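One-letter residues, chain by chain:
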Amino acid sequence: MKNRRRALVLAGTAAALVATLIAAAPAPAAPTASTASAAPAASAASKLAAVHGGGTVAYPYVPKEHDIRFTVDADAAPWSRPFPAPGGEQGMPVDARGKVTVYHAMPEENFTAVAEAEVDCLVTGGRTATVTAVVTSSNVGWEGKRIGISVQDGERGAPDRVGFSWGIANVDVQPDGSVSEPRVGTCMAPAPFTEVTKGGFKVTPAPLAPRPKP
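Predicted model only: the values in this text are computed from it and were never measured. Residue indices begin from 1 for each chain and proceed along its sequence in written order. Restriction of local features to residues with pLDDT of at least 70 applies here, the model being predicted, together with a cutoff of 80 or more for giving and counting side-chain atom pairs; totals for whole chains, interfaces and linings are based on all residues. As a rule here, side-chain values come from all non-hydrogen atoms in the structure, and water together with hydrogens is ignored.

(A) Up close: the pairing of strand 4 (residues 111-125). Two strands qualify as a pair provided DSSP detects at least 2 bridges between them. Under the scheme used here, helices are H or I runs from DSSP no shorter than 4 residues and strands are E runs no shorter than 2 residues, and both carry numbers assigned from the N terminus. Where strand 3 (residues 96-106) and strand 4 come together, eight bridges link them in antiparallel fashion. If you follow Lys99 over to strand 4, its bridge partner there is Glu118. In this antiparallel pair of consecutive strands, strand 3 and strand 4, the connection spans four residues, and Asn110 shows a positive phi of 50°. In this structure, strand 4 lies alongside strand 5 (residues 128-138), joined through ten bridges in antiparallel fashion. Bridging from a neighbouring strand, Leu122 pairs with Val131 of strand 5. The hairpin formed by strand 4 and strand 5 contains two residues between the paired strands, and Gly126 there has a positive phi angle of roughly 65°.

(B) Summary view of the state of the cysteines. A pair of sulfur atoms, both from cysteines and within 2.5 Å, is called a disulfide here. The final tally for this structure, using the stated rule, is one disulfide. Note on cysteine connectivity: Cys121 is disulfide-linked to Cys187, with sulfurs 2.0 Å apart. Looking down the S-S bond of the Cys121 and Cys187 bridge, the torsion is -100°, so its handedness is left-handed. Taken together, the residues span a long stretch of sequence, with Cys121 in strand 4 and Cys187 in the loop between strand 9 (179-180) and strand 10 (194-204) at a distance of 66 residues. The class for Cys187 is buried, based on a relative accessible area of 10%. Accessibility here uses a 1.4 Å probe with only protein chains present; expressed as a share of the type maximum, an area under 20% marks a residue as buried, one over 50% as exposed, and anything in between as partly exposed.

(C) Main features of the nonpolar core. Joining through side-chain atoms within 4.5 Å is the link that ties buried Ala, Val, Leu, Ile, Met, Phe, Trp, Tyr and Cys residues into a set, and such a set is a nonpolar core. Of all hydrophobic cores here, the largest spans 36 residues; its most connected members are Phe70, Val100, Leu122 and Ile149. Those elements that provide at least two residues to this core are strand 1 (50-57), strand 2 (67-76), strand 3, strand 4, strand 5, strand 6 (146-152), strand 7 (161-164) and strand 10. The contact criterion used is simple: two residues touch if any of their non-hydrogen atoms lie within 4.5 Å. Excluding its chain neighbours within four sequence positions, the residues that come into contact with Ile149 are Phe70, Val72, Val100, Ala129, Thr130, Val131, Val162, Gly163, Phe164, Trp166 and Ala189.

(D) Structural context of the sheet that holds strand 7. Strand order in the closed barrel formed by eight strands is 1-2-3-4-5-6-7-10, with antiparallel pairing between adjacent strands. Averaged over all pairs of adjacent strands, the angle between strand axes in this sheet comes to 30°, irrespective of strand direction. Pairing analysis gives ten bridges linking strand 2 to strand 3, with the strands arranged antiparallel. Bridge pairing in strand 3 links Asp75 to Arg97. Fitted lines through C-alpha atoms give the axes, limited to the stretch in contact for helices. The angle between two N-to-C directions lies from 0 to 180 degrees.

(E) Molecular detail of the pattern of salt bridges. In the sections that follow, a salt bridge refers to a side-chain nitrogen of Lys or Arg positioned within 4 Å of a carboxyl oxygen of Asp or Glu. Using the criterion set out here, one finds seven salt bridges in the structure. Across the pair Glu118 and Arg81 runs a salt bridge, and its minimum N-O distance is 3.6 Å. Placement of Glu118 in strand 4 and of Arg81 in the loop between strand 2 and strand 3 is noted, with a sequence separation of 37 residues between them. Overall, Glu118 belongs to the partly exposed group, its relative accessible area being 42%.

(F) Layout of the pairing of strand 1. Of all the eight residues making up strand 1, eight are buried; the element is thus mostly covered by neighbouring parts of the structure. Where strand 1 lies against strand 2, seven bridges are found, and the strand directions are antiparallel. Paired with His52 across the bridge in strand 2 is Asp73. Summarising the sheet, strand 1 and strand 10 pair through eight bridges and their orientation is antiparallel. Counterpart to Gly54 in the pairing with strand 10 is Gly200.

In structure tokens, the structure reads:
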């Protein structure tokens, strides 16, 4: 278990950091009614952002036998997560709800790493979305860790793409040469740098929601 956990946490070199990858379970069907109903009520004219789907990704820094997948079911729920800071009484326009699952099968170790996370933020720009979620359960000790996922919904035959906040990003090198992994902030994720080889994602873009009236 020690080696398995080490494979999914920050290490002191770029090569070890790459080994942190985990990925998601097979894509579910359409989002559940409970997820959809969790978002605040909106007028018929309102349009809320969403990301749904899942897929296997190509990732060159692990053995080709590894099976790496992500699923994302995220729905915007603007102004629904108040936080204790000036201006945070109503939350943020990018507040969201839903679930992210990451899944990484490592045959040589006869082990599959899995983590499930609760979505807290979603922002879209065209066919690209960034989602963050806080891990609620895992078999690698990631509970409480916020992860960032970016998704690009391919068009005109282009493949979908995914990026994630561990593996090649989010490294803080200290003056003494030590390496740490900063906490991921809400809606923070790198560009979608991996290709989806099986499955796919649907990004529903929407403008930022207006601030609610007092």
